[in-house]
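Summary of structural features
Here is how the chains run, residue by residue.
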Amino acid sequence: MVMLWSLQKARPLWITNLQEDETEEMEGPQSPGQLLNPALAHSISVASCGNIFSCGAEDGKVRIFRVMGVKCEQELGFKGHTLGVSQVCFLPESYLLLTGGNDGKIMLWDANSEVEKKQKSPTKRTHRKKPKRGTCTKQGGNTDASVTDEEEHGNILPKLNIEHGEKVNWLLGTKIKGHQNILVADQTSCISVYPLNEF
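Residues numbered from 1 in each chain as written. Predicted model: local features only at pLDDT ≥ 70, side-chain atom pairs only at ≥ 80, totals over all residues. Heavy atoms only, no water.

In the annotation of an unreviewed UniProt entry, the protein is listed under the name WD repeat domain 53 and assigned to Mandrillus leucophaeus.

1. A short note on the sheet that holds strand 9 (residues 105-110)
Spatial ordering of the open sheet is given by 7-8-9-10, a layout of four strands whose pairing is antiparallel. What marks the edges here is a single partner per strand, and that holds for strand 7 (85-90) and strand 10 (160-163). Between one strand axis and the next, the sheet turns through 15 degrees on average, direction left out of account. Here strand 7 pairs with strand 8 (residues 96-101) via five bridges, running antiparallel. Bridge pairing in strand 8 places Cys89 opposite Leu98. (Pairing = 2+ DSSP bridges. Helix = DSSP H or I, 4+ residues; strand = E, 2+ residues; numbered from the N terminus. Axes fitted to C-alpha atoms, helices over the stretch in contact; angles between N-to-C directions.)

2. Notes on the nonpolar core
Residues Ile52, Ile64, Phe78, Tyr95 and Leu97 are the most contacted members of the largest nonpolar core, which totals 16 residues. Secondary-structure elements contributing two or more residues to this core are strand 5 (61-68), strand 6 (71-79), strand 7 and strand 9. For this core, the element with the most residues is strand 7, which contributes three residues. Sequence-distant contacts of Ile52, that is, excluding residues within four places in its chain, are made with Ser45, Val46, Ala47, Ile64, Phe65, Arg66, Phe90, Tyr95 and Val115. Counting 14 residues, the second largest nonpolar core, distinct from the first, contains Cys89, Leu108, Val168 and Ile182. (Core = buried A, V, L, I, M, F, W, Y, C linked by side-chain atoms within 4.5 Å. Buried < 20%, exposed > 50% of the residue type's maximum accessible area, 1.4 Å probe, protein only. Contact = heavy atoms within 4.5 Å.)

3. Focus on the sheet that holds strand 11 (residues 170-176)
If you walk across this open sheet you meet the three strands as 11-12-13, and the pairing is antiparallel. Lying at the two open borders of the sheet, with one neighbouring strand each, are strand 11 and strand 13 (191-195). Across this sheet, the average inter-strand angle for adjacent strands is 25 degrees, counted without regard to direction. Sheet topology places strand 12 (residues 179-185) next to strand 13; five bridges connect them, and they run antiparallel.

Written out as structure tokens, the structure is:
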């Protein structure tokens, strides 16, 4: 479950069960390992605007929500990884979202067009929209420039796909000496650094 809390009243204002949207999508194709992975929330990140947050879950999906007063509405949901999404992290001052997974992959997603499109639309929102563009950018290091098809990631495609190779325990987008980088901690004793030259 994901909850929005009132710290003044010490009680939740809004609650959603991530397993509820699982039943809606059971008809679609799934990877063999996903049948046993429930939608347990692993990580949450709040965008710098303060009212958009993302949630990475054990079912390999990434969900993006908008806080509206005392409730939240799911803006976007997509299949992010083949195994659980262990970490999500919005880059500062943007809707660029880093995700790290138990599958050893690090991905960068641009949710900007989807979030802004829904912010301007007064109609009832659903989380299944086609993106305006989907490209994958090759960076230095162990990166995989192949774009994965829309069936695997829903209707949003990653802008960057890094084959880290180890389960991602923590990640952070930060500037080092004026350049944007991704810091990654895994099950080893080292911190990996990947450059984000074009973002």
